[in-house]
Structure formats: structure tokens, C-alpha cells
Amino acid sequence: MSTDIKPLIQMKNIEKHFGRVIALAGVSVDIFPGECHCLLGDNGAGKSTFIKTMSGVHKPTHGEILFDGVPMQFADPRDAITAGIATVHQHLAMIPLMSVSRNFFMGNEPQKSFGPFKVFDHAHANEVTMTEMRKMGINLRGPDQAVGTLSGGERQTVAIARAVHFGAKVLILDEPTSALGVRQTANVLATIDKVRKQGVAVVFITHNVRHAMAVGDRFTVLNRGKTLGTATRGEVSPEELQDLMAGGQELATLEGSLGGTV
Ligand SMILES: Nc1ncnc2c1ncn2[C@@H]1O[C@H](COP(=O)(O)OP(=O)(O)OP(=O)(O)O)[C@@H](O)[C@H]1O
Ligand SMILES: [Mg+2]
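What this report covers is the structure whose coordinates are included nearby. (Residues numbered from 1 in each chain as written. Chains lettered and ligands numbered in written order. Predicted model: local features only at pLDDT ≥ 70, side-chain atom pairs only at ≥ 80, totals over all residues. Heavy atoms only, no water.)

Across its full length, the protein carries nine helices and twelve strands. Relative to the 2.2 N^0.38 estimate, which gives 18 Å for 262 residues, the radius of gyration of the protein is 20 Å and therefore close to what a compact globule would have. Counting only C-alpha atoms, the protein reaches 75 × 40 × 40 Å along its principal axes. Here the protein holds 262 residues, and the buried ones make up 45% of them. A fraction of 65% describes how many contacts in the protein between residues 6 or more apart in sequence connect residues 24 or more apart. Within the structure as shown, the protein displays about 13,400 Å² of accessible surface, and the carbon and sulfur contribution to it stands at 52%. One way to put it: in the protein the 26 positive side-chain charges average out to a point 6 Å from where the 25 negative ones average out. (Helix = DSSP H or I, 4+ residues; strand = E, 2+ residues; numbered from the N terminus. Rg over C-alpha atoms; globule rule 2.2 N^0.38 Å. Buried < 20%, exposed > 50% of the residue type's maximum accessible area, 1.4 Å probe, protein only. Contact = heavy atoms within 4.5 Å. Areas by Shrake-Rupley, 256 points an atom, 1.4 Å probe, with all protein chains shown as cover. Lys, Arg positive; Asp, Glu negative; His and termini not counted. Charge placed at Lys NZ, Arg CZ, Asp CG, Glu CD.)

With respect to spatial proximity, the complete set of residues near ligand 1 consists of Phe-18, Ala-23, Asp-42, Asn-43, Gly-44, Ala-45, Gly-46, Lys-47, Ser-48, Thr-49, Glu-175 and His-207. Within the backbone of Ala-45, a nitrogen or oxygen atom sits 3.2 Å from an oxygen atom of ligand 1. One of the backbone N or O atoms of Gly-46 is found 2.9 Å from an oxygen atom in ligand 1. Contact with the protein chains covers 59% of the free accessible surface of ligand 1, which is 630 Å². No other element matches helix H1 (residues 47-54), which puts three residues into the shell around ligand 1. (Near = heavy atom within 4 Å. Polar contact = N/O pair within 3.5 Å; in protein donor to acceptor, adjacent residues only side chain to side chain.)

Let us look at the pattern of salt bridges. All chains considered together, the criterion is met by five salt bridges. A salt bridge links Glu-132 to Lys-135; its shortest N-O distance comes to 3.1 Å. Here Lys-135 and Glu-132 lie together in helix H4 (residues 122-135), a separation of three residues that amounts to about one turn. A salt bridge links Asp-217 to Arg-196; the nearest nitrogen and oxygen atoms lie 3.1 Å apart. A residue pair is termed long-range when its members are at least 10 positions apart, and Asp-217 in the loop between helix H7 (209-215) and strand S11 (218-223) and Arg-196 in helix H6 (residues 182-197) qualify at 21 residues. (Salt bridge = Lys/Arg side-chain N within 4 Å of Asp/Glu carboxyl O.)

So, in C-alpha cells, the structure goes:
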């Protein structure tokens with residue numbers, strides 16, 4: 001990574017406690033514009049807690065978050081979205097019976113004046129939706145096509161395109177590929193690649209080392225709320241990532257007891 005690029009987000013020594021549960025025990029990660037930063041870890045490792053802290057859902061118990069070099073404290077997720085941090089969840093907020101175009105503009109409806117009234121500007125919304133989806137490699141039958149008729153991967157792509165169109169600088173994807181088949185996964189990974197090339201920082205959470213390896217520039221593995229640091233592409237093998245996720249020690253013990261390679 002070239003040194004003249006400054007991080008968009010700096011998470012410094014973040015701790016998050018829920019009562020006696022220590023979900024994050026001091027995690028530091030920098031997120032750069034234009035990178036796909038993969039956050040890997042087993043169930044309960046703290047991945048969701050970490051990105052929720054980054055996106056204003058949780059306040060850290062300790063630690064500091066800098067956005068564009070300035071310390072920030074988001075009061076709630078709305079604040080984070082306004083600053084340009086968007087999260088796309090696996091279970092998307094979309095209405096299947098409504099058109100792609102309506103879903104694309106949900107909450108951001110373009111309006112035109114009609115006498116004293118404001119009305120939804122269908123023509124403009126349709127045009128933008130078709131263009132943005134085409135850029136992502138999806139040719140809709142038409143803007144009126146219902147979201148429910150799209151595949152899971154295409155729906156993820158609508159959600160990603162929508163976030164980027166409305167100004168996301170950091171796009172957080174929490175397990176976008178975990179429920180998808182091979183071809184659908186490939187579509188979503190291709191979308192991530194396009195978005196990253198536009199300069200958006202992508203934080204990609206996954207359990208799947210192969211998915212991470214396919215698009216990741218850098219990799220941070222969480223294990224029980226801790227990380228050993230961030231590895232750059234080429235510095236780390238899939239086997240090493242898998243090992244870090246499982247916790248090297250435990251995997252070695254398991255290997256020993258099975259008398260072979262796991
Ligand atoms: N709101 C909460 N209250 C109490 N404990 C919580 C809360 N949220 C998370 N935890 C705990 O913090 C730890 C980390 O959870 P988190 O959801 O961040 O893991 P994850 O890496 O996202 O796991 P998964 O892969 O299953 O989604 C777990 O032990 C979890 O039970
Ligand atoms: Mg999670």
C-alpha cells in the first residue's frame with residue numbers, strides 16, 4: 001500500500017464489553033480508501049461487534065476511532081451513514097414485491113414539483129436505477145422488475161450499488177456471501193471488486209477463506225476478541241488464514257489427536 005494514502009478509518013485499541021463478556025479485547029485496524037479489507041473469524045470472534053462499533057451502533061468501552069484523521073463519536077448509525085459509512089446486512093432491508101427502482105430509492109425518493117405538490121419522479125429514478133445496475137453488470141428486464149424476482153446475489157448487488165450511489169465512502173458487508181451458491185458468490189465478489197476500484201473502502205466480513213482470498217487486499221483475523229494484526233495479500237496463505245481463524249493452538253491439538261492434517 002502506498003504511504004501517501006491516508007486511512008479513512010482508524011480503529012485504535014478498541015474494547016467492547018457486554019457486562020462480563022469481553023467481545024473485543026483491544027483491536028486496532030486501519031481502513032484505507034480503495035481497499036477490500038477482509039475481516040475473518042470464527043463464530044463469536046467479535047466480527048459483528050467490531051463493525052457495529054465502526055458504524056455507530058455500539059460505543060466502544062475503551063479505545064478511539066478516527067475518521068479522516070479526526071476523533072469521532074457517532075451518536076447513532078444515522079450519524080455514521082451521513083459521514084459515509086454504510087452497512088449492507090446479509091438480510092437486506094428490501095421489499096420483494098416492490099420494483100428494483102423503488103427499492104433503490106427507498107428513503108431517498110427523488111421528487112419533482114407538480115403544481116403545489118411534490119411527486120415521486122419515476123422517470124429519473126428508473127433511469128438512474130437501470131444505469132447503476134448496468135454498471136454493476138446486471139441487465140434488468142426493466143426498472144419495474146420486482147426485487148423478489150432477482151437472485152440472492154443480484155439483490156446484494158442492488159443493496160451495494162444503492163449504498164455507493166448515495167455516497168458511501170466505507171461499505172461494510174456483513175457475510176454477504178454466506179447464503180449464496182457459487183455463481184451468485186462470484187457475482188457479489190465481482191461487485192466488490194468494481195466498488196473498490198471506484199475508491200470506496202470495503203470491509204468484507206466472511207467465514208470463508210476462499211471468498212476472502214478471491215478479492216481481499218488485506219486480511220485481519222479475529223479470534224475471541226483479539227487479533228494478531230493485519231496481513232497484506234501475498235504475505236499470507238489460505239492455510240495460514242484458516243489456522244489463525246481456528247486458533248492455531250486448538251487446531252494443532254486437534255490435528256495431533258486425529259493423527260493427521262485437519
Ligand atoms: N449485545 C450483546 N450482548 C451480550 N453479548 C454480546 C452482544 N453482542 C455480542 N455479544 C457477544 O460477543 C461475542 C462476539 O459476538 P459477535 O456477534 O461480534 O461475533 P461474530 O464474530 O460476529 O460471530 P458470527 O460469525 O457468529 O456472526 C460473543 O460471545 C457474543 O455472544
Ligand atoms: Mg456476526
